[in-house]
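An overview of the molecular structure
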Amino acid sequence: QVQLVESGGGLVQPGGSLRLSCVASRSLFSCNTVGWYRQAPGKQRDLVAVITSGGTTNYPNSVKGRFTVSGDNARKMVYLQMNSLKPEDTAVYFCHCLYNGMNFWGKGTLVTVSS
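Note that this is a predicted model, so its numbers are computed, not measured.

1. Structural notes on the overall build of the protein chain
Helix and strand counts for the protein chain stand at 0 helices and 11 strands. When the helices and strands of the protein chain are placed in sequence order, the string is β-β-β-β-β-β-β-β-β-β-β. For a compact globule of 115 residues, the expected C-alpha radius of gyration is about 13 Å, and the protein chain comes in at 13 Å, within 12% of that figure. With the principal axes as the frame, the protein chain shows a C-alpha extent of 40 × 25 × 20 Å. The buried share of the protein chain, reckoned over its 115 residues, is 38%. In the protein chain, 55% of the contacts between residues at least 6 apart in sequence involve partners at least 24 apart. As displayed, the protein chain offers around 6,100 Å² of accessible surface, 49% of which is attributable to carbon and sulfur atoms.

Okay, structure coming up:
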């Protein structure tokens, strides 16, 4: 249905920045929700950011003010700008689309925040 491919992960020092990208095989305009999740080893997968088709965004308190989600006009690319990174941000980050009641995920990209 929808293929998602993330990129941009890597090793960054605390306080640094990374920009993650998600490329979709088709427009994500029809997704009920589009966003980013992250999962650390031994932890559950948590919501990081959501963007609606109208451009409204939402973030949990853990990243609010530091992360920004955006998309291109065609909704075939979604971005996550991460600033002021902390060690607790270390996780595999996944692009996500909820479409027709089904969840579609990318394979994830690893972000490691360490000095």
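2. A word on the sheet that holds strand S7 (residues 67–71)
A sheet is described by the order of its strands in space; here 4 strands give the open sequence S1-S3-S8-S7, paired in antiparallel fashion. One side of each edge strand has no neighbouring strand; the edge strands of this open sheet are strand S1 (4–7) and S7. Within this sheet the neighbouring strands show an average axis-to-axis angle of 15°, counted without direction. In this sheet, strand S3 (residues 18–24) lies alongside S1 in antiparallel orientation, the contact comprising 4 bridges. For valine 5, the partnering residue across the bridge sits in S3 and is valine 23.

What counts, and where the lines are drawn
Residues numbered from 1 in each chain as written. Predicted model: local features only at pLDDT ≥ 70, side-chain atom pairs only at ≥ 80, totals over all residues. Heavy atoms only, no water. Helix = DSSP H or I, 4+ residues; strand = E, 2+ residues; numbered from the N terminus. Rg over C-alpha atoms; globule rule 2.2 N^0.38 Å. Buried < 20%, exposed > 50% of the residue type's maximum accessible area, 1.4 Å probe, protein only. Contact = heavy atoms within 4.5 Å. Areas by Shrake-Rupley, 256 points an atom, 1.4 Å probe, with all protein chains shown as cover. Pairing = 2+ DSSP bridges. Axes fitted to C-alpha atoms, helices over the stretch in contact; angles between N-to-C directions.

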